[in-house]
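Summary of the model geometry
What follows is each chain in one-letter form.
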Amino acid sequence: VIGAGTEMGKNIKIFQNVTIGGDPSTPGEYPTIEDGVIIYSGAVIAGDVTIGKNSIIGANSTVVSNIPPDSVAVGSPAKRVKERSGPYRRSETE
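Residues numbered from 1 in each chain as written. Predicted model: local features only at pLDDT ≥ 70, side-chain atom pairs only at ≥ 80, totals over all residues. Heavy atoms only, no water.

Side note on the pairing of strand β11 (residues 78-83)
Pairing between strand β10 (residues 71-75) and β11: 5 bridges, direction antiparallel. Residue pairing across strands places A73 opposite R80, the latter belonging to β11. Hairpin connection from β10 to β11: 2 residues lie between these consecutive antiparallel strands. (Pairing = 2+ DSSP bridges. Helix = DSSP H or I, 4+ residues; strand = E, 2+ residues; numbered from the N terminus.)

Describing a nonpolar patch on the surface
A contiguous nonpolar patch, built from I2, M8 and I14 and spanning about 240 Å² of accessible area, is present on the exposed surface. Position of I2 among the secondary structure elements: in the segment before β1 (7-8). You can call I2 partly exposed: its relative accessible area is 47%. (Patch = residues over 30% accessible without salt bridge, like charges linked within 9 Å, V, L, I, M, F, W, Y side chains within 5 Å. Areas by Shrake-Rupley, 256 points an atom, 1.4 Å probe, with all protein chains shown as cover. Salt bridge = Lys/Arg side-chain N within 4 Å of Asp/Glu carboxyl O. Buried < 20%, exposed > 50% of the residue type's maximum accessible area, 1.4 Å probe, protein only.)

Some words on the sheet that holds strand β6 (residues 44-46)
A sheet is described by the order of its strands in space; here 3 strands give the open sequence β3-β6-β9, paired in parallel fashion. Two strands bound the open sheet, and with one partner strand each, they are β3 (19-21) and β9 (62-63). Across 3 bridges, the pairing between β3 and β6 is parallel. Pairing of G21 across the sheet is with A46, part of β6.

Digging into the environment of S85
Inspection of the secondary structure puts S85 in the segment after β11. Sequence-wise, S85 and A46 are 39 residues apart; in three dimensions their C-alpha atoms are separated by 26 Å.

Quick notes on unusual backbone geometry
With an omega of 5°, the peptide bond between S76 and P77 qualifies as cis. When you line up the elements, P77 lands in the loop between β10 and β11. With a phi angle near 60°, N60 is a residue other than glycine that sits in the positive phi range. Inspection of the secondary structure assignment puts N60 in the loop between β8 (56-57) and β9. The exposure class assigned to N60 is exposed, which follows from its relative accessible area of 58%.

Purely geometric stuff here, so don't read any function into it on its own.
This is the structure in structure tokens:
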């Protein structure tokens, strides 16, 4: 499910059973998903949050605060557990 007000960048991968939308306590505020983000199964992204460029959101995570670019975030609520780097990181030209 993707809420109507959600802003999404390019080259985003979203796996099954992901919910992206507004937080009922703050109507009209929706997430921003930047370029190159991967969101794994069962994740929930709620409210006026930004998922930074090239970040990974782990399966069944609940994102309720901003995630910086090039991050790996997991848990409920999701927290940054490491910076994404290495050979699997997408290049700027993709």
